[in-house]
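One letter stands for each residue in the lines below.
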Amino acid sequence: MGLLDDRTAVITGAAQGIGLEIARRFLAEGARVVLGDINGEAAEKSAAELAAAHAGGVALGARCDVTAEDEVDALVRRAEQEFGTVDVMVNNAGITRDATMRKMTLADFRAVLDVHLVGSWLGTRAAGAVMRERKRGSIINISSISGKVGMLGQTNYSSAKAGMVGLTKAAAKELAYLGVRVNAIQPGLIRTAMTEALREDIWAAKLAEIPMARAAEPAEVAGVALFLASELSSYMTGTVLEVTGGRYM
Ligand code: NAP
């Protein structure tokens, strides 16, 4: 018995990093997983590897640029067509374009808002439309602790991640009476491609702020996503769970 037996989950930006670990964990708990990513080939490869590693596991990869309305709608529709339903949607795709405002271009600001905030809205809208018909579903938006505290050099990213909290709460109110829950996760410092490029001194400064004195592995975010996806959190909606090792509590 898995926590997500007979459920279908769609995860964006899932070719690698946190999204891939979420897909891996969901699959291990019995879900059929659909991995979307702007790099379609990488999504297909990751899905094939996941399926091969889990006997009987069903994983499908497809290209999906979350900034494109038709591609997000198509990803959710594909999951519904292949598996008959969408029970869990994880809006995870992300990019960074860090710079202080002195150097940040409007294009860098808009690009980050587009991927995180507009992309999550598109995913929430598409999945919500399917879930409301079935009176069941869990939508999980991967925000960031940057959206709670604001980070230097991240006016774009912090704005987008804070916006995702507003989106989560407003959508939770719209969908609650239909049996659809919407929650957010705010990870802190997680070891992925997004953070491995950080300068050593910046990495050390971040570690010094973390009571648990270490970064997290992507699997530690995936465990919280599993909790929100499953019936373990059946009476939770509109919440924001911090996965930060105690940083900025
Ligand atoms: P990652 O390893 O860079 O993975 C992000 C994935 O999203 C990549 O495969 C990326 O593809 C893909 N992507 C980028 N733009 C896309 C688009 N328009 N449509 C679809 N997919 C797109 O990063 P991660 O660390 O796992 O981050 C996952 C999420 O967690 C993000 O929302 C991030 O903001 C959030 N988060 C991460 C941390 C952390 O410390 N790592 C902390 C807080 C929050 P390409 O590689 O081809 O661009």
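Residues numbered from 1 in each chain as written. Predicted model: local features only at pLDDT ≥ 70, side-chain atom pairs only at ≥ 80, totals over all residues. Heavy atoms only, no water.

Caption draft 1: Summary view of the overall build of the chain. Scanning the chain from terminus to terminus reveals nine helices and seven strands. The C-alpha radius of gyration computed for the chain amounts to 17 Å, which stays within 12% of the reference 18 Å derived for 249 residues, consistent with globular compactness. Expressed along its principal axes, the backbone C-alpha trace of the chain runs to roughly 50 × 35 × 35 Å. By the burial criterion, 50% of the 249 residues in the chain qualify as buried. For the chain, the exposed area adds up to about 11500 Å²; of that, 54% sits on carbon and sulfur atoms. Of note, the chain has its 27 positive side-chain charges centred 5 Å away from the centre of its 29 negative side-chain charges. (Helix = DSSP H or I, 4+ residues; strand = E, 2+ residues; numbered from the N terminus. Rg over C-alpha atoms; globule rule 2.2 N^0.38 Å. Buried < 20%, exposed > 50% of the residue type's maximum accessible area, 1.4 Å probe, protein only. Areas by Shrake-Rupley, 256 points an atom, 1.4 Å probe, with all protein chains shown as cover. Lys, Arg positive; Asp, Glu negative; His and termini not counted. Charge placed at Lys NZ, Arg CZ, Asp CG, Glu CD.)

Caption draft 2: Focus on the pairing of strand β3 (residues 59-63). When you tally the buried positions in β3, you get four out of five residues, the bulk of the element. With five bridges joining them, strand β2 (residues 32-37) and β3 adopt parallel strand pairing. Bridging from a neighbouring strand, Val34 pairs with Leu60 of β3. A crossover connection joins β2 to the parallel β3 through helix α2 (residues 40-53); in handedness this β-α-β unit is right-handed. (Pairing = 2+ DSSP bridges. Right-handed = clockwise from strand over helix to strand, strands pointing away.)

Caption draft 3: Here's a closer look at the packing of helix α3 (residues 69-83) against helix α4 (residues 106-134). Between α3 and α4, the shortest axis-to-axis distance is 8 Å and the interhelical angle comes to 30°. Viewed along their axes, α3 and α4 adopt a mutual orientation that is roughly parallel. Crossing geometry of α3 relative to α4 is assigned as right-handed. Contacts between α3 and α4 pair Glu69, Val72, Asp73, Val76 and Glu80 from the former with Leu122, Gly123, Arg125, Ala126, Ala127, Val130 and Arg134 from the latter. Its residues placed into classes, the contact of α3 with α4 shows six nonpolar, one polar and five charged. (Axes fitted to C-alpha atoms, helices over the stretch in contact; angles between N-to-C directions. Parallel < 35°, antiparallel > 145°, perpendicular 65-115°, else oblique. Left-handed = near helix turned anticlockwise from the far one by under 90°. Contact = heavy atoms within 4.5 Å. Nonpolar A, V, L, I, M, F, W, Y, C, P; charged D, E, K, R; others polar.)

Caption draft 4: Up close: the site of the ligand. Taken together, 28 residues are adjacent to the ligand, and Ile18, Asp37, Asn92, Tyr157 and Thr192 come closest. Taking Asp37, its side chain carries an N or O atom lying 2.7 Å from an oxygen atom of the ligand. Gly188 places a polar main-chain atom, nitrogen or oxygen, 3.2 Å from an oxygen atom of the ligand. For the ligand, the accessible surface in isolation is 890 Å², of which the surrounding protein chains cover 88%. Of the residues forming the shell around the ligand, the biggest block, three residues, is contributed by helix α7 (residues 193-196). The residue inventory of the shell around the ligand, partitioned by class, reads 14 nonpolar, eleven polar and three charged. (Near = heavy atom within 4 Å. Polar contact = N/O pair within 3.5 Å; in protein donor to acceptor, adjacent residues only side chain to side chain.)

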